[in-house]
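Listed below, chain by chain, are the residues.
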Amino acid sequence: MMINVLNIDGQQLTPCVLDRAWREVNRARAIWINEETIQLLYNPFLYRDYRKTALKRDRYTCLWCGRSGTTVDHIIPSSKGGSDLPRNLLAACMECNTKRGSRSAFSYFRERVFSSPNRMKLLYRILKANYHHQVN
Ligand SMILES: [Zn+2]
């Protein structure tokens, strides 16, 4: 069963499978409009740009461990209302992204503090993202 996908402005996007639709809704990135339609709460085209901006800014280096990073990690998780703006994103390797899971960035930071080569930068980013999250 394919689910219709509407963009934030109501524009029709490519339909997706049910699993994918539920995943978007569970991450608070979309809402059900009816049984066969979801509407995204973000612009996926902009998000693609934000991801690229964040990865480039961090030079494709995982801020948690210093290895090559090709995924983005949300400092404030999407499920907790964290934004998709670059300031809430970090370049991360798949392993750190998976290990952290849905834990808070502070909790994972404490665990990694002695092995992160970028700890001051990382702490600054986490504090900044939390600041913006509370202000908005
Ligand atoms: Zn890593």
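All figures in this text were calculated on a predicted structure; none of them were measured in a lab.

### Let's talk about the sheet that holds strand β1 (residues 2-6)
Working step 1: One open sheet accounts for four strands, arranged β2-β1-β4-β3; its pairing is mixed. In the strand order of this sheet, the two ends are held by β2 (12-17) and β3 (30-34), each with one partner. When the angles between neighbouring strand axes are averaged without regard to direction, this sheet yields 35°.
Working step 2: Examined bridge by bridge, β1 and β2 share four bridges and lie antiparallel to one another. Residue pairing across strands places isoleucine 3 opposite cysteine 16, the latter belonging to β2.

### Structural notes on the pairing of strand β4 (residues 37-40)
Working step 1: As paired strands, β1 and β4 are joined by three bridges and run parallel to one another. Residue leucine 6 lies in a different strand from β4, and its bridge partner there is glutamine 39.
Working step 2: When β3 meets β4, the two strands line up antiparallel, connected through four bridges. Within the sheet, the bridge partner assigned to tryptophan 32 lies in β4 and is isoleucine 38.
Working step 3: Two successive antiparallel strands, β3 and β4, enclose a turn made up of two residues.

### Considering the domain arrangement of the chain
Working step 1: Parsing the chain into structural domains produces domain 1 (2-40) and domain 2 (47-135).
Working step 2: Averaged C-alpha coordinates put domain 1 and domain 2 at centres separated by 26 Å.

### Some thoughts on the UniProt feature "domain: HNH nuclease" (unreviewed entry) in the chain
Working step 1: Within this numbering scheme, the UniProt entry marks residues 49-98 as carrying the feature "domain: HNH nuclease" (unreviewed entry).
Working step 2: As annotated, residues 49-98 comprises 28% helix and 16% strand, and the C-alpha atoms at either end are separated by 22 Å.

Here is what the cut-offs are and how they apply
Residues numbered from 1 in each chain as written. Predicted model: local features only at pLDDT ≥ 70, side-chain atom pairs only at ≥ 80, totals over all residues. Pairing = 2+ DSSP bridges. Helix = DSSP H or I, 4+ residues; strand = E, 2+ residues; numbered from the N terminus. Axes fitted to C-alpha atoms, helices over the stretch in contact; angles between N-to-C directions. Domains from an automatic or database assignment. UniProt positions renumbered as here; feature names shortened; annotations may be inferred.

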